[in-house]
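Results of the structural survey
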Amino acid sequence: MAIARTHILVCGGTGCSSSNSQALIDELNRELEEKGLAGEVQVIKTGCFGLCALGPVVIVYPEGCFYSHVTVEDIPEIVEEHILKGRIVTRLLYQETVVAQLRRHQSRKY
């Protein structure tokens, strides 16, 4: 069994499921297969993340990027930009995580 370099967690809780998170999983798997990344990237359906109003929620590790309100139309961009090129899709990031990261960065002493 190969070890995945990237894990994509997709919320499968009630709220996200009602917002069609299964379609995100299907599209992620299709895109990854098409790009030859199926063995390197693992898509995992999870339980509820507890932020149903932000769903569907997708979290990409190892970076820990928390994408909110993801649509099927966003999947090709996530795969192309984030997974292939290593560029986080900032327009999809949950803004509170961005603010918290900036605060941590600014509080560091160099």
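It should be noted that the structure appears before, not after, this text.
Here we summarise the structure given alongside this text. All values reported here derive from a predicted model rather than from experimental measurement.

1. Section: the sheet that holds strand β1 (residues 6–11)
Spatial strand order, β2-β1-β3-β4: four strands in an open sheet with mixed pairing. Of all the strands in the sheet, the pair left with one neighbour each is β2 (41–46) and β4 (65–67). Neighbour-to-neighbour, the strand axes of this sheet turn through a mean angle of 20°, independent of strand direction. Summarising the sheet, β1 and strand β3 (residues 58–61) pair through four bridges and their orientation is antiparallel. From the neighbouring strand, Ile8 faces β3, where its bridge partner is Val60. In the packing of helix α3 (residues 75–84) onto the sheet, the strands contacted are β1, β2, β3 and β4, and the crossing angle to β4 comes to about 170°.

2. Topic: unusual backbone geometry
Following Gly55, the chain continues to Pro56 via a peptide bond in cis, the omega torsion being -5°. If you trace the backbone, Pro56 turns up in the loop between β2 and β3. Note that the residue after Tyr61, namely Pro62, is joined by a cis bond; omega there is 25°. One non-glycine residue, Asn20, lies in positive phi territory at about 75°. Positionally, Asn20 belongs in the loop between α1 (14–18) and α2 (21–34). Overall, Asn20 belongs to the partly exposed group, its relative accessible area being 44%. Its identity is not glycine, yet His69 carries a phi of approximately 55°, on the positive side. In this fold, His69 is placed in the loop between β4 and α3.

3. Quick notes on the packing of α2 against α3
It is at 9 Å that the axes of α2 and α3 come closest, and there the two elements cross at 50°. With respect to α3, the element α2 is oriented oblique. Note on packing geometry: the crossing formed by α2 with α3 is right-handed. Counting all contacts with α2, which are made through Leu24, Glu27, Leu28, Glu31 and Leu32, the residues of α3 involved are Ile75, Pro76, Val79 and Ile83. A class-by-class count of the residues in the contact of α2 with α3 yields seven nonpolar, no polar and two charged.

4. A few points about α3
Along α3, the residues classified as buried are Ile75, Ile78, Val79, His82 and Ile83. Taken end-on, α3 shows its buried residues confined to a sector of 110°, consistent with a single buried face. Where α3 is buried, its residues touch β1, α2, β2, β3 and β4. Directly beyond the C-terminal end of α3, a positive phi value near 75° is found at Gly86.

Reading guide: rules and limits
Residues numbered from 1 in each chain as written. Predicted model: local features only at pLDDT ≥ 70, side-chain atom pairs only at ≥ 80, totals over all residues. Heavy atoms only, no water. Pairing = 2+ DSSP bridges. Helix = DSSP H or I, 4+ residues; strand = E, 2+ residues; numbered from the N terminus. Axes fitted to C-alpha atoms, helices over the stretch in contact; angles between N-to-C directions. Contact = heavy atoms within 4.5 Å. Buried < 20%, exposed > 50% of the residue type's maximum accessible area, 1.4 Å probe, protein only. Parallel < 35°, antiparallel > 145°, perpendicular 65-115°, else oblique. Left-handed = near helix turned anticlockwise from the far one by under 90°. Nonpolar A, V, L, I, M, F, W, Y, C, P; charged D, E, K, R; others polar. Arc of directions from axis to C-beta.

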